[in-house]
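As a plain string of letters, each chain reads:
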Amino acid sequence: MRVERAARSLPCTYVLLCPVAVPALSDTLCFRPPTPAVAPAAATALVTAAATAARCGTLDPEPAHIARLEYKHAVFAAKESAQVATGGVKQYIIPTHVFIVVADDGTKVADIPKSTVEKQLNALNEAYATASDQAGMQWVFQVKEITRVTGPDMCDQGHEAKLKQQLRKGGSNALNLYITDLSACGLLGYSSWPWDLKQKGLVMDGVVIHYDTLPGGNYKPYNMGRTTVHEIGHW
């Protein structure tokens, strides 16, 4: 999913334009429950989300990028790579590669079961299916694989880059989701932006999530899987 984001005046505050209604994300990082505007004929919902925390690690976009972005460009790019006709609702399939990155220091931190990841993907698809009938379209995150690896602390940028170079799969339309321990950097998650593809290439593209924010995790109240929903909104 690639959509237009407006400039933010506060950390983790942004305006999101998306073709489906966005669910209330009361337990999601940087969100208070948003109040969706009335969707126009094109089924575009406008949601303004205010900052409530400072643990979203996604960097603010530069004004030059914001000035060049247009919503229709992102939608057309998604259509070209992912459109599937399903009756009255158009589905946009997002190939999703999930990596469980377990600490390699012997502690086995973030060694979560596959069933937890499946619950997270169910929560993700449920969130992005909100009002799909009304909107006439739906994003579907289709899991291609769930891979368990051991690796170093991804809070270290050098370690992160090396690990992603080894693991990343798919093209620009593919979501690479890294689930690991982010305690060292005090973050619940972070994501690349769409325009990072031109600057950094495919290697660094993707979303990194603290394992304890997945459904049933220990990071209450952020343990319902909605941090992943939020960070993928950046992606």
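Per chain, the residues get numbers from 1 upward, laid out in the order the sequence is written. The model is predicted, so local features are restricted to residues of pLDDT at least 70 and side-chain atom pairs to those at 80 or more, both for listing and for counting; the totals for chains, interfaces and linings are taken over all residues. Calculation of side-chain values draws on the structure's entire complement of heavy atoms; hydrogens and water are dropped beforehand.

Caption draft 1: Spotlight on the packing of aromatic side chains. Two rings from Phe, Tyr or Trp (for Trp, the six-membered ring) form a pair when their centres are within 6.5 Å of each other. A pair whose planes differ by under 30 degrees is stacked, one over 60 is edge-to-face, and the rest are tilted. Scanning the entire structure with this criterion turns up four aromatic pairs. Judged by centre distance (5.3 Å) and plane angle (20°), the ring pair of Phe99 and Tyr178 falls under stacked. Taken as a pair, Phe99 in strand β4 (residues 89–103) and Tyr178 in strand β6 (residues 175–180) lie far apart in primary sequence, 79 residues in all. By the burial criterion, Phe99 is buried, and Tyr178 matches it. Here a strand is any run of E in DSSP of at least two residues, a helix any run of H or I of at least four, and the numbering for each starts at the N terminus. Note on exposure labels: buried denotes an accessible area under 20% of the residue type's maximum, exposed denotes more than 50%, and partly exposed covers the range between, all computed with a 1.4 Å probe on protein chains only.

Caption draft 2: Spatial organisation of the state of the cysteines. Sulfur atoms of two cysteines make up a disulfide when they are within 2.5 Å. Per the counting criterion, the structure on display carries one disulfide. With its sulfur 2.0 Å from that of its partner, Cys155 forms a disulfide with Cys185. Between Cys155 and Cys185, the disulfide has an S-S torsion of -55° and is therefore left-handed. Of the two residues, Cys155 is situated in the loop between β5 (137–151) and α5 (157–167) and Cys185 in the loop between β6 and β7 (189–191); the sequence distance between them amounts to 30 residues. For Cys155, a relative accessible area of 23% corresponds to the partly exposed category. Among the residues examined, Cys185 registers a relative accessible area of 30% and is labelled partly exposed.

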